[in-house]
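One letter stands for each residue in the lines below.
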Amino acid sequence: MMDYDSLLSGSVKSLKPSGIRKFFDILAEKQDAISLGVGEPDFVTPWHVRDAGIYSLEKGFTKYTSNAGMTEMRREVSKYLYRRFSLEYDPMKQVLVTVGGSEAIDLAIRATVDPGDEVIIPVPSFVCYGPITTLAHGVPVFVETKAENEFRLTPEELKAAITPKTKLLVLPFPNNPTGAVMERKHLEALADVLRGTDILVLSDEIYAELSYGVHHTSMANLPDMYERTIVVNGLSKCYAMTGWRMGYVCAPKEIIAQMHKIHQYCLMCAPTVSQYAAIEALRNGDRDIEMMREEYDRRRRYLVDGLNELGLPCFEPKGAFYAFPSIAGTGLTSEDFCERLLMEKSVAVIPGTAFGDGGEGFVRVCYASSVERLSEALLRLKQFLLSI
Amino acid sequence: MKEILRLLEKDARFTPKQLAAMTGEPQRKVEEYIAAAEADGTLLGYSAIVDWDKVESDNDTVTALIEVKISPQRGDGFDRIAERIYQYEEVESLYLMSGAFDLAVFMTGRTMKDVSHFVFACLAPIEGVTATATHFIMKKYKEKHRIFEKQEEQEDRLLFV
């Protein structure tokens, strides 16, 4: 009999499995369920993009590409980032095409963190930063952002979290799950804290295109920040391409060179068919982004309006496709609220606690769903609130 | 306010309250705008898209596209003849076309015989109509952005993003 407990990696065993697994099990058995749980676009990838992928298969382009990604793909990424966000990256030395934004985050953390290094992670946020830091034998330092600050990271909070061991600051804005954005002036305030330190920034900008009423600014746009910032982005959210696993990372060439090595040993290259589709998206997909953003914006207003009307206070999320209403007034914990809402009314939303401390008292509602479904979900939510 | 028309074109069942929330306009303004658009004919009407193949019935209907060639009349151009055609209740849509023919008539009848009868008894004899060609629609794939056959859904996934 193998004693797996003593055989398996301690740092892996220390990772907590996702707490929402049980929700999916319940959800799978419900016939009439409305899931506002999964954070992905409900759109299908635009046809011209799918077609480009299909065409590449017809032509038999099924081999590996260069490790860093096809030259054409890197060029399109470079052009796109300049066109949309005024970011300048050399396609040959500063762009790496990855298997989704997730791989890019993994590479960025592994390429920068030595054992014992601290990584500052604002929470609530996407779930992967902490575990990846742990796997790199770094130390995650979680900083709770506050509803009264519209879930932005403040310079005071950042300053308080910095120690001599701080290596990296993760900046996940626009934010999953809160929908918070950091505008230029807010980033400037953080930059003031970072200037004169050796701290690097991992700016996860996967939701950059989904900013409403504000234009996204990257940390790398700011003076003295370009040289310390690693920009992670991808095609999943803005082009509705989650299943293609297309991400990329841009940074000073010295950092990319190190990330390139990890990528080359672990992944070889991002999927070839996806790169062909991605080239088409980056080249001819600006209008698709616009169309989807407009649609999300309508749903956003609709949902936030509805939640506030039901007495679930919700600050105006200006990015991503999530609303993060407070459910504290119900007297239930986030987890109880979500479990009962799912059991009793077949509506799935995610407890704020799934995204780290500071999420208690909130739930994440994804509005990448038709207005019809959102409308039905709000109706059921209303009935639920009356019943508790 | 064009936004409201676009949204209604997508789904005419959006209520003024929903439209107000989605566009960020006050509900009263939305209601006024719709009322004005209905009054001046900008909003011509509302209708449902039905997949009749899903409806059990003995008397299936047939839809046809009839190409019509006409010789334009002095003074009135094509309009006078078009008017004579669209007055028929059977005619669903009528468009003036560029290209090989002049008018495209869409009509639905109970049977193919109905359609044929309409063509030779009503349409062809109209003065100025010089030729017709009738095409029956065999299958509807998409209408007004709606796809008739439900696409396959991906399997349920357990994931967390």
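Residues numbered from 1 in each chain as written. Chains lettered and ligands numbered in written order. Predicted model: local features only at pLDDT ≥ 70, side-chain atom pairs only at ≥ 80, totals over all residues.

1. With respect to unusual backbone geometry
All names here are of chain A.
Move 1: With an omega of 0 degrees, the peptide bond running from Val123 to Pro124 counts as cis.
Move 2: Omega for the peptide link from Asn176 to Pro177 comes to 20 degrees, which places this bond in the cis form.
Move 3: Note on placement: Pro177 falls in the loop between β5 (166-171) and α9 (184-194).
Move 4: At His137, a position not held by glycine, the phi torsion is positive, near 60 degrees.
Move 5: For His137, the location among the structural elements is in the loop between α7 (129-135) and β4 (139-144). (Helix = DSSP H or I, 4+ residues; strand = E, 2+ residues; numbered from the N terminus.)

2. Description of the domain arrangement of chain A
How big an interface is tends to be expressed through the accessible area that disappears when the partners come together.
All names here are of chain A.
Move 1: As assigned here, chain A comprises domain 1 (4-45 + 287-387) and domain 2 (47-285).
Move 2: Here the C-alpha centroids of domain 1 and domain 2 sit 24 Å apart.
Move 3: At the interface, 35 residues of domain 1 touch 38 residues of domain 2.
Move 4: Listing elements by their share of the side of domain 1 that touches domain 2, those giving two or more residues are α12 (286-309) and β9 (322-323).
Move 5: For the side of domain 1 that touches domain 2, the leading source of residues is α12, giving seven residues. (Domains from an automatic or database assignment. Contact = placed C-beta atoms within 7 Å.)

3. Re helix α10 (residues 253-266) of chain A
Residues and elements named next belong to chain A.
Move 1: Taking 1.5 Å per residue as the helical rise, α10 with its 14 residues ought to reach 20 Å, and the 20 Å between its terminal C-alpha atoms agrees with that figure.
Move 2: Ile255, Ile256, Met259 and His263 are the residues of α10 that are buried. Taken around the axis of α10, the buried residues stretch over an arc of 90 degrees, which confines them to a single face. Turned more than 90 degrees away from the buried face of α10 sit Glu254 and Tyr265, all of them exposed.
Move 3: Looking at the residues trailing α10, positive phi occurs at Met268, about 70 degrees. (Expected span 1.5 Å × (residues − 1). Buried ≥ 20, exposed ≤ 12 C-beta atoms within 10 Å, placed from the backbone. Arc of directions from axis to C-beta.)

4. A word on the nonpolar core
Move 1: Ala108(A), Leu202(A), Ile230(A) and Val249(A) are the most contacted members of the largest nonpolar core, which totals 122 residues.
Move 2: Grouped together as the second largest cluster of nonpolar side chains are 13 residues, Ile70(B), Ala82(B), Met107(B) and Val115(B) included. (Core = buried A, V, L, I, M, F, W, Y, C linked by C-beta atoms within 7 Å.)

5. Some words on the environment of Tyr226(A)
Move 1: Within the element layout of this structure, Tyr226(A) appears in the loop between β6 (200-204) and β7 (229-234).
Move 2: Linking Tyr226(A) and Pro252(A), residues 26 residues apart in sequence, is a C-alpha distance of 7.8 Å.

6. Topic: the sheet that holds β9(A)
All names here are of chain A.
Move 1: If you walk across this open sheet you meet the three strands as β9-β12-β11, and the pairing is antiparallel. On the outer flanks of this sheet lie β9 and β11 (350-351), each paired with one strand and no other.
Move 2: Where β9 meets strand β12 (residues 363-366), two bridges bridge the pair, whose relative direction is antiparallel. Looking at the pairing, Ala323 lines up with Val365 of β12. (Pairing = 2+ DSSP bridges.)

7. Quick notes on the pairing of β4(A)
Remember that side chains alternate between the two faces of the sheet whenever the strand is regular.
All names here are of chain A.
Move 1: Looking at chain direction, strand β3 (residues 118-123) and β4 are connected through six bridges and run parallel. Along β4, the bridge assignment pairs Pro122 with Val143.
Move 2: In this region the chain leaves β3, passes through α7 and returns to the parallel neighbour β4; the handedness of that crossover is right-handed. (Right-handed = clockwise from strand over helix to strand, strands pointing away.)

8. Quick look at the sheet that holds strand β4 (residues 129-136) of chain B
All names here are of chain B.
Move 1: Read across the sheet, four strands follow the order β2-β3-β1-β4 without closing on themselves; strand pairing throughout is antiparallel. Among the strands making up the open sheet, the edge pair consists of β2 (91-96) and β4. Ignoring strand direction, the axes of neighbouring strands in this sheet form an average angle of 20 degrees.
Move 2: Looking at chain direction, strand β1 (residues 62-70) and strand β3 (residues 103-109) are connected through seven bridges and run antiparallel. Looking at the pairing, Ala64 lines up with Met107 of β3.
Move 3: Here helix α4 (residues 79-86) sits on the sheet in contact with β1, β2, β3 and β4, set at roughly 165 degrees to β2. (Axes fitted to C-alpha atoms, helices over the stretch in contact; angles between N-to-C directions.)

9. Quick notes on the domain arrangement of chain B
Move 1: Along its sequence, chain B is carved into domain 1 (2-39) and domain 2 (53-138).
Move 2: The distance between the C-alpha centroids of domain 1 of chain B and domain 2 of chain B comes to 34 Å.

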